[in-house]
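Below, each chain spelled out in residue letters.
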Amino acid sequence: TEGKEYFVKKKTTALSVVFGVVLCVALYCGVSTTLYSFRLYDLAYKVCPFHTENNLEILYREEDPKVASDFGAKILKTNDSVQIAYSALARYAYSQGDFGQMITYKSEIFRLAPFAYEEYEEYCYMMINGIELYNQIEDFSSAEICRDELIKAYDTVTNFDKKLSKLGARIVDQPDCDLPRDIDDFVEAIR
């Protein structure tokens, strides 16, 4: 039994580097996820500012509209599909009287979440306030823009059932999408 002896050269350096990088990334993500699961949101943000779910928890808890808006903008830099971040930006723009910017942000929300009933209801109230404020200062062209936006949002909500797919229409537990009576009355008065 005579055999030949073969030596396999190990390329351990490259494999070790790849393994080391993968391990570091796994640890980095694991630490952030662990902190998030223990509800240490601020600490998890410091470790990994790109963890969207963690960032949303921070945003939900923020009460200052300016801080929420700034944080929402940070979220959108890494994930431009986060509805609540646009909502924070829209609320801040509204608080500053910037109806044009608020309309832009709300439009993005409606594009991302076409059945976001609460956002539509909030938007209707914002537009009603805009109409009243602009009429008070006799800026009738801006009041007209708010009026048009209000009617568009109102019509969208009242036609939700027509936008449902056949499968969606079969669901027994349909959400209540009736706007409050005061919005109905206001829209009827301005049509």
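Described below are features of the structure shown in this document.

Parameters and conventions
- Residues numbered from 1 in each chain as written.
- Predicted model: local features only at pLDDT ≥ 70, side-chain atom pairs only at ≥ 80, totals over all residues.
- Heavy atoms only, no water.
- Helix = DSSP H or I, 4+ residues; strand = E, 2+ residues; numbered from the N terminus.
- Rg over C-alpha atoms; globule rule 2.2 N^0.38 Å.
- Buried < 20%, exposed > 50% of the residue type's maximum accessible area, 1.4 Å probe, protein only.
- Contact = heavy atoms within 4.5 Å.
- Lys, Arg positive; Asp, Glu negative; His and termini not counted.
- Charge placed at Lys NZ, Arg CZ, Asp CG, Glu CD.
- Core = buried A, V, L, I, M, F, W, Y, C linked by side-chain atoms within 4.5 Å.
- Axes fitted to C-alpha atoms, helices over the stretch in contact; angles between N-to-C directions.
- Parallel < 35°, antiparallel > 145°, perpendicular 65-115°, else oblique.
- Left-handed = near helix turned anticlockwise from the far one by under 90°.
- Nonpolar A, V, L, I, M, F, W, Y, C, P; charged D, E, K, R; others polar.

Some thoughts on the overall build of the protein
- Broken down by element type, the protein carries eleven helices and zero strands.
- In sequence order, the protein lays out its α and β elements as α-α-α-α-α-α-α-α-α-α-α.
- Taken over C-alpha atoms, the radius of gyration comes to 26 Å for the protein, far larger than the 16 Å a tight globule of 191 residues would show.
- Looking at the 191 residues of the protein, the share that counts as buried comes to 34%.
- Excluding contacts between residues fewer than 6 apart, the proportion of contacts in the protein whose partners are at least 24 apart in sequence is 48%.
- Between the averaged position of the 21 positive side-chain charges in the protein and that of its 31 negative side-chain charges there is a distance of 13 Å.

Things to note about the nonpolar core
- One finds Met102, Met127 and Leu150 to be the most contacted residues of the largest nonpolar core, which totals 42 residues.
- Those elements that provide at least two residues to this core are helix H3 (52–61), helix H4 (65–78), helix H5 (83–95), helix H6 (99–112), helix H7 (117–136), helix H8 (140–158) and helix H11 (181–190).
- Here the element with the most residues in this core is H7; it accounts for nine residues.
- Ignoring sequence-local partners within four residues, the contact set of Met102 consists of Ala90, Ala93, Tyr94, Tyr123, Met126 and Met127.

Considering the packing of H4 against H5
- Viewed as axis vectors pointing N to C, H4 and H5 meet at an angle of 140 degrees, and their least axial separation amounts to 8 Å. Overall, the two elements H4 and H5 adopt an arrangement that is oblique. Crossing handedness for the pair H4 and H5: left-handed. Taken together, the residues of H5 that come into contact with H4 (itself represented by Pro65, Lys66, Ala68, Ser69, Gly72, Ala73, Ile75 and Leu76) are Ala85, Tyr86, Ala88, Leu89 and Tyr92.
- Taken together, the residues of the contact of H4 with H5 sort by class into ten nonpolar, two polar and one charged.

Purely geometric numbers; function is a separate question.
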